[in-house]
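Observations on the three-dimensional arrangement
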Amino acid sequence: MADQAKILIIDENHVRAAIIQEGLREAGHLSVSWIKETVGLLAKVTEIDPDVIIIDLGSPSRDVLEQMFQVSRLVRRPVAMFVDQSDSAAMRDAMMAGVSAYIVDGLRKDRVKHIMDMCILRFSVFSRLEEELHEAKTALADRKVIERAKGILMAAKSLSEQDAYVLMRKTAMNQKQRLIEIARAIVTAEEMLK
Amino acid sequence: MKDRRLKIGFMPLIDAAIPIAAVECGFAAREGLEIELIRETSWANIRDKLIHDMFDASHMLAPLAVTTTLGIGNAKVPLAVPFGLNANGNCITLASQLYRALEEVLGHPPADPREAAQALKRVIDKRKKSGAPPVTFGVVFPFSVHVIIIRHWLRLGGINPRREVLFQVVPPPFMVASLSEGIIEGCCVGEPWNSRAVESGVGSIVVFGAEISRYAPDKVLALRDGVAAAENETVHRLLRAYKTAAHWCQDRENHRNLAQMLAQPEYLGVAPKTVLNALTGTLAVNRTETRAIPDFLLFEGEAINRPDPRKARWLYAEIMSGLGHRLDEAQAQAAASVFRPDIFDAATGNNQLPETGDPIALKYGPAFDANDLAGYVKAIEQ
């Protein structure tokens, strides 16, 4: 396709970048590049000379792109934000998803709207997955602490596993705390008394 | 901004001390405010989240509040600045090789900013003759007091900042690597990045921002103009908390605690010693020499916290000069109206007459007269 937009992804997370790239390829966009390292970004962007830039909001390099709003000795083709300032809802969607997009001045937005929609969607899915992973890891860590606290109680008070658990739960309810907080207190106390 | 609950954005920099201390020391809570501080990675994110209502207020580069209001750059949304967070705190650092070139033409290390700039002029002239590429300076944002400081310094040596050097935006975390890879040969940035360059042998500090201007506004507290008007009771409470925090941050007795506080991973995530050096203004400028700079970083004082519209006019004049654009009095007035001493006065009960001295106090001149921007621009550009 002769009039295919050249797309550049700037993202330090290679898994997410791969997911975005795959999505773009599936949608028939073959001219996609990805920059991970961000030292010397301006020169690299100028060399690739993209029509569309997708950047992770967690990257400090967004400020580098701010320099590209005006033509200068370092910037031949100025860019504009893809989402117009007036479209607050779209802007917030993109920011919540953690992504920002720029297009070269003069490129028609409707030509690349589907690219942006796809990127926002994939960024959202990715952050949801990351959140779930984080939750799963926390749950696992919590369970380990509870197991350890149970063991400490069993040894100290010669309780059965079931009784140790009941005691912790009762204490948590009485003190209006979460079970994990009581368990952490037991583990900390034991470490201090060692 | 609901029920005195505020979301406030900040960048992990030492000049975010007041917003952080206001929360950590309980000054905001004492005013009945519940503040959620949100750390950001770029000034562009800060601006966009502020203008799209995801923040109620934010730590911001002073020139960015002006350009956002005027629509220079990316967005056009009126902002209000009711409080200045600091003056100074930046340094100009040169890559070691360029610094050595300056020493070579002088026969000794540069003694002051003027001599350093004059030596740089000779180096630039030599390079021009040999066809070498121009010197590129790294700055933190297209519109920042950092760019303004470098331009003033270059002019001390007779260097034309628009024709003889290039500026490139480099996020502070990439400054040292960019110096070491030769992508830039100098930069103007806050701490700890200059010290990092010195420690790693990549660069030498050649000028302190405080040696160029004593009162250049650096970071400010910015709100959407509409919020400043509609939520004045909450804003007043915030400013009172910030005034108390400014006093606390400026007090030397508290610097050790402040350094510990800012160094925490959720804020700056650096060594407390690094923060302390910047607070006390004692920095290693190269591998052998350490300098103590009075006024290296200032948090408190009427000339700092009370937003002076004349300073906004100065920022406007400097921005236009940098872009090579003509001055426009209507725009200058719009810029001046961003800085809101009226809100500051109402909140803090300040009834002193405003300062009348030079609000910028450029150490090497020219004097700044807010009523004659054209004369000022002509004087700096000559």
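Treat the numbers as computed from the prediction; the structure is a model and nothing was measured.

Considerations on the overall build of chain B
Helices and strands together make up the secondary structure of chain B, namely 18 helices and 14 strands. In terms of overall size, chain B behaves like a compact globule, its C-alpha atoms giving a radius of gyration of 20 Å where 382 residues would be expected to give roughly 21 Å. Overall, the C-alpha framework of chain B stretches about 65 × 45 × 35 Å when taken along its three principal axes. Relative to its full complement of 382 residues, chain B shows a buried share of 56%. Of the contacts made within chain B by residues no fewer than 6 positions apart, 77% connect residues no fewer than 24 positions apart.

Concerning the domain arrangement of chain A
Assigned domains of chain A: these are domain 1 (7-132) and domain 2 (135-193). Measuring from the centre of the C-alpha atoms in domain 1 of chain A to the corresponding centre in domain 2 of chain A gives 47 Å.

Observations concerning the sheet that holds strand E4 (residues 79-81) of chain A
All names here are of chain A. Strand order in this open sheet of 5 strands is E2-E1-E3-E5-E4, and the pairing throughout is mixed. Strands at the two margins of the open sheet, each flanked by one partner only, are strand E2 (32-35) and E4. Strand-to-strand twist in this sheet, taken as the mean axis angle between neighbours without regard to direction, amounts to 25°. Of the strand pairs in this sheet, E4 and strand E5 (residues 99-104) are connected by 3 bridges, and their pairing is antiparallel. Within the sheet, the bridge partner assigned to alanine 80 lies in E5 and is isoleucine 103.

Some thoughts on the domain arrangement of chain B
When the parts of a complex come together, some accessible area is lost, and that lost area is often taken as the interface size. All names here are of chain B. Per the domain assignment, the segments of chain B are domain 1 (5-86 + 216-268 + 299-381) and domain 2 (90-211). Measuring from the centre of the C-alpha atoms in domain 1 to the corresponding centre in domain 2 gives 26 Å. Across the boundary between the two partners, domain 1 contributes 22 residues, which contact 19 residues of domain 2. Put simply, the parts of the chain that give the side of domain 1 that touches domain 2 at least two residues each are helix H4 (62-70) and helix H15 (309-323). Its residues assigned to classes, the side of domain 1 that touches domain 2 shows 13 nonpolar, 5 polar and 4 charged.

About the cut-offs
Within every chain, residues take consecutive numbers counted from 1 along the sequence as written. In the order they appear in the text, chains get letters beginning with A and ligands get numbers beginning with 1. Predicted model: local features are reported for residues with pLDDT of at least 70 only, side-chain atom pairs are reported and counted for 80 or more only, and whole-chain, interface and lining totals are derived from all residues. The helix count covers DSSP runs of H or I at least four residues long, the strand count covers runs of E at least two residues long, and both are numbered beginning at the N terminus. Note on method: radius of gyration uses C-alpha positions; expected globular size equals 2.2 Å times residues raised to 0.38. With C-beta atoms placed from the backbone, the exposure class of a residue follows from how many other C-beta atoms lie within 10 Å of its own: 20 or more, buried; 12 or fewer, exposed; in between, partly exposed. By the convention adopted here, residues make contact when the C-beta atoms placed from their backbones lie within 7 Å. Start and end positions for the domains come from either an automated domain assignment or a database one. A pair of strands is considered paired only if DSSP assigns at least 2 bridges between the two. Note on method: axes are straight lines fitted to C-alpha atoms, helices fitted across the in-contact stretch only, with angles between N-to-C directions ranging 0 to 180 degrees. Residues are sorted three ways: Asp, Glu, Lys and Arg are charged, Ala, Val, Leu, Ile, Met, Phe, Trp, Tyr, Cys and Pro are nonpolar, and all the rest, Gly among them, are polar.

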